[in-house]
Amino acid sequence: MKKLVLLFTIILVFLLTGSFNGQKPSSPSIEGTWELQSFYNYDGENVIDTIIKSDGYRQVKMYSKEKIMWTRYVPDDPNGRFGYGSYRVTDSSLIEVIEYGDDNMMKALDTMRNFTFELILDENSFSQITVDSDGNRTFSENYKRID
């Protein structure tokens, strides 16, 4: 009987101890659908100018587990823009490798397919920041989560 009570007590303590661990906060994920809100210009470190997207301009990025697709609509441009490829996220960067896109994107891909940005990511927004060869911030695109 003592062994049974001791075994029951150990199991109860084990179960109770495990239930107090709580949920560990997970880092935000870029997976989802995002819409461009604004652009920043930098002086190398700090934002010096904010440019809100113009009326009718839309740019949306969709990230799945390993793939990215983006599309852009500019009212004065009869040709839409899009690109498709893969991506990965590190602690502080977003690396996109574009595989194909619209005609203008394909021409640009002749010179560059890999795009690396500094990444600032939270649950409902992210900024992809372009840095120069010296590591100074120059420009960013700022997105909000729409799905």
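Per an unreviewed UniProt entry, the protein chain goes by the name Lipocalin-like domain-containing protein and belongs to Allomuricauda ruestringensis.

K.L.:
Just to check I follow, could you spell out the overall build of the protein chain for this structure?
P.N.:
Summing up its helical and strand segments, the protein chain has two helices and nine strands in all. Starting at the N terminus and walking to the C terminus, you meet the elements of the protein chain as α-β-β-β-β-β-β-α-β-β-β. Partitioning the contacts of the protein chain with sequence separation of at least 6, the portion at a separation of at least 24 is 41%. Working note: accessible area of the protein chain is about 10,100 Å², and carbon and sulfur atoms make up 56% of it.

K.L.:
It is not clear to me how the pattern of salt bridges should be interpreted in this structure. Could you clarify?
P.N.:
Side-chain pairs of opposite charge can arise whenever the charged atoms involved come near each other. For the structure shown, the criterion picks out seven salt bridges. Across the pair glutamate 99 and lysine 67 runs a salt bridge, and its minimum N-O distance is 3.4 Å. With a gap of 32 residues between them, glutamate 99 in strand β6 (residues 93–101) and lysine 67 in strand β4 (residues 67–73) connect regions that are remote in the sequence. The class of glutamate 99 is partly exposed, set by a relative accessible area of 36%. One network of salt bridges, in which partners are shared, links Glu35, Lys53 and Arg58.

K.L.:
Looking at this model, I keep getting lost on the packing of aromatic side chains. Mind explaining?
P.N.:
Between two aromatic rings, the relevant description is the distance of the centres plus the angle of the planes. Following the criterion strictly, the structure yields nine aromatic pairs and no others. On the numbers, 4.9 Å between centres and 85° between planes, the contact of tryptophan 34 with phenylalanine 126 is edge-to-face. Here tryptophan 34 is found in strand β1 (residues 32–44), whereas its partner phenylalanine 126 is found in strand β8 (residues 125–131), with 92 residues between them in sequence. A residue is classified by how much of its surface remains accessible, and tryptophan 34, at 0% relative accessible area, is buried. Geometrically, the ring pair formed by tyrosine 40 and tyrosine 42 is edge-to-face, given 6.3 Å between the ring centres and 75° between the ring planes.

K.L.:
I'm lost on the nonpolar core in this one. Help?
P.N.:
Note on soluble globular proteins: their nonpolar side chains tend to be buried together. Ile30, Tyr63, Leu94, Ile98 and Phe126 are the most contacted members of the largest nonpolar core, which totals 18 residues. If you list the elements that add at least two residues to this core, you get β1, β4, β6, α2 (103–109) and β7 (114–121). Here leucine 94 is in contact with Ile30, Tyr63, Tyr87, Arg88, Val89, Phe115, Thr116, Phe117, Leu119, Phe126 and Gln128, once residues within four sequence places are set aside.

Rules used in this analysis
- Residues numbered from 1 in each chain as written.
- Predicted model: local features only at pLDDT ≥ 70, side-chain atom pairs only at ≥ 80, totals over all residues.
- Heavy atoms only, no water.
- Helix = DSSP H or I, 4+ residues; strand = E, 2+ residues; numbered from the N terminus.
- Contact = heavy atoms within 4.5 Å.
- Areas by Shrake-Rupley, 256 points an atom, 1.4 Å probe, with all protein chains shown as cover.
- Salt bridge = Lys/Arg side-chain N within 4 Å of Asp/Glu carboxyl O.
- Buried < 20%, exposed > 50% of the residue type's maximum accessible area, 1.4 Å probe, protein only.
- Phe/Tyr/Trp six-rings, centres within 6.5 Å; stacked < 30°, edge-to-face > 60°.
- Core = buried A, V, L, I, M, F, W, Y, C linked by side-chain atoms within 4.5 Å.

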